[in-house]
Amino acid sequence: TWTMVNIVDDAVETVRAQVGDKQVICALSGGVDSSVAAALVQRAIGDRLTCVFVDHGLLRAGEAEQVERDFVAATGVDLHVVHAEDRFLNALKGVDDPEEKRKIIGREFIRVFEDAAREIVAKAGAEGGEVEFLVQGTLYPDVVESGGGEGAANIKSHHNVGGLPDDLQFTLVEPLRWLFKDEVRAVGEQLGIPADIVWRHPFPGPGLAIRIIGSVDHERLEILRKADAIARAEVTDAGLDRDVWQFPVVLLADVRSVGVQGDGRTYGHPIVLRPVSSEDAMTADWSRLPYELLERISTRITNEVPEVNRVTLDITSKPPGTIEWE
Ligand code: XMP
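Residues numbered from 1 in each chain as written. Predicted model: local features only at pLDDT ≥ 70, side-chain atom pairs only at ≥ 80, totals over all residues.

**Some thoughts on the confidence of the model for the protein**
One rule of thumb: low pLDDT means the predicted coordinates there are not for detailed reading.
Here is step 1 of the chain: On average, the protein scores 93 in pLDDT, and the residues at 70 or more come to 94%.
Here is step 2 of the chain: The weakest mean pLDDT in the protein belongs to helix α6 (residues 140-145) at 86; the strongest belongs to strand β6 (residues 249-251) at 99.
Here is step 3 of the chain: Below pLDDT 50 for its whole length, residues 150-161 participates in 16 contacts with residues either more than four positions away or in separate chains.
Here is step 4 of the chain: Scoring the predicted complex yields pTM 0.92 and, for the interface, ipTM 0.99. (pLDDT = per-residue confidence, 0-100. Helix = DSSP H or I, 4+ residues; strand = E, 2+ residues; numbered from the N terminus. Contact = placed C-beta atoms within 7 Å.)

If you want it as structure tokens, here you go:
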């Protein structure tokens, strides 16, 4: 629409004016905000933007490919991918405490990002350039919530990028600072970002690690990824993606129950379906999904994921339950 074109043009001009002839780096998470912010900055300054995508191995099925292949194809962004699954899984080995998981993932993320940023800064330097800016997908509600402070490194810990060391201090570029979520999505569509990314449900930075109740390993992640992919595909097929705020699928990895599958008794793991409706994630209600849809999800998961023999539905609102289980 006319206004969307204007918003994009304005944001592009503002980024150009701020950045001048300097270079910019960006941490891509695969989420809506960082993707749209990166695409806008790319539109403004082209290859003077380098994006870093840390694949921590805790994403859902197909999500890393969506960033590495589809997002790059749609935007032409210069992408630096770090495959770090082994590093994250080693650091998480045997850890089942939720906050400990978050701490470890946050710490490893910063270290991996720092290494990548140092490489990019050094490469730019060798070519006579200078990296002076870091893109941040801050939205207007975040600005209001944090009192509108301008601080250069004032990154909320909730956004999973804590303080960077002194030699990696950048000035923030925040092209979404004046926008609400629905406007960010409209800008994303205007920029040609794939619908799967533009309409993605919120997804926590620590990823599937906080949807495995118990310690995290590759095998457990694969079980959860299969179940999660089935639930997502069925909700999409039912045309209900935009009626659900978020749909965590949780693996109770330390719990087992008896079942009967095929011609034998099994002793497998339960999966919890946690579809919620919400306006802002502060409060939420459990989604009244159609029984037929829930039945298809349950049947497919128990048929297609041999380690799972029981599917349960979480019918707790927030409060008292949080959206995530950890
Ligand atoms: P809860 O579980 O507290 O979640 O009701 C509220 C919203 O925040 C997301 N969430 C996180 N996002 N890092 C994130 O980036 C985290 O550690 C984290 N924990 C929860 C959750 O998915 C929901 O949208």
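After that view of the structure, there is still more to cover.
**A few points about helix α5 (residues 98-126)**
Here is step 1 of the chain: A rise of 1.5 Å per residue sets the reference length of α5, with its 29 residues, at 42 Å; its end C-alpha atoms lie 42 Å apart and thus fit the reference within 8%.
Here is step 2 of the chain: Of all the residues in α5, the buried ones are K101, I105, F109, V112, F113, A116, A117 and V121.
Here is step 3 of the chain: At the exit of α5 stands G128, carrying a positive phi of roughly 85°. (Expected span 1.5 Å × (residues − 1). Buried ≥ 20, exposed ≤ 12 C-beta atoms within 10 Å, placed from the backbone.)

**Considerations on the environment of F247**
Here is step 1 of the chain: Structurally, F247 can be placed in the loop between α9 (218-237) and β6.
Here is step 2 of the chain: Once residues lying within four places of it in the same chain are set aside, the contact partners of F247 are H201, A231, V235, R274 and P275.

**So, unusual backbone geometry**
Keep in mind that most residues, glycine aside, have a negative phi and that most peptide bonds are trans.
Here is step 1 of the chain: Cis geometry marks the peptide bond from K318 to P319, where omega comes out at -10°.
Here is step 2 of the chain: Position of P319 relative to the elements: it lies in the segment after β11 (308-313).
Here is step 3 of the chain: Look at the link from P319 to P320: it is a cis peptide, with omega at 10°.
Here is step 4 of the chain: Mapped onto the secondary structure, P320 falls in the segment after β11.

**Focus: the domain arrangement of the protein**
Here is step 1 of the chain: As far as domains go, the protein holds domain 1 (2-198) and domain 2 (212-313).
Here is step 2 of the chain: Put simply, the middle of domain 1 and the middle of domain 2, counted by C-alpha atoms, are 30 Å apart.
Here is step 3 of the chain: Between domain 1 and domain 2, the residue contacts involve seven residues of the former and eight residues of the latter.
Here is step 4 of the chain: Tallied by class, residues from the side of domain 1 that touches domain 2 come to four nonpolar, one polar and two charged. (Domains from an automatic or database assignment. Nonpolar A, V, L, I, M, F, W, Y, C, P; charged D, E, K, R; others polar.)

**What about the nonpolar core?**
Here is step 1 of the chain: Formed by 73 residues in total, the largest nonpolar core has its most connected members in V24, C26, V36, A38, L40, V41 and A227.
Here is step 2 of the chain: Residue assignment places this core across two domains, with domain 1 (2-198) and domain 2 (212-313) each supplying three or more.
Here is step 3 of the chain: Once residues lying within four places of it in the same chain are set aside, the contact partners of C26 are A38, V41, L49, C51, V52 and V135. (Core = buried A, V, L, I, M, F, W, Y, C linked by C-beta atoms within 7 Å.)

**Looking at the site of the ligand**
Here is step 1 of the chain: Neighbouring the ligand are 13 residues, the closest being P204, G205, T322, I323 and E324.
Here is step 2 of the chain: When grouped by side-chain class, the residues that make up the shell around the ligand number five nonpolar, five polar and three charged. (Near = placed C-beta within 6 Å.)

**As for the packing of helix α2 (residues 32-45) against helix α7 (residues 181-190)**
Here is step 1 of the chain: Across the interface, α2 lies against α7 with an axial gap of 10 Å and an inter-helix angle of 50°. Overall, the two elements α2 and α7 adopt an arrangement that is oblique. Our pair here, α2 against α7, has a crossing hand that is left-handed. Taking contact as the criterion, the partners of V32, D33, S35, V36, A39 and L40 in α2 are, on α7, V184, R185, V187 and G188.
Here is step 2 of the chain: Here the contact of α2 with α7 is built from residues that sort into six nonpolar, two polar and two charged. (Axes fitted to C-alpha atoms, helices over the stretch in contact; angles between N-to-C directions. Parallel < 35°, antiparallel > 145°, perpendicular 65-115°, else oblique. Left-handed = near helix turned anticlockwise from the far one by under 90°.)

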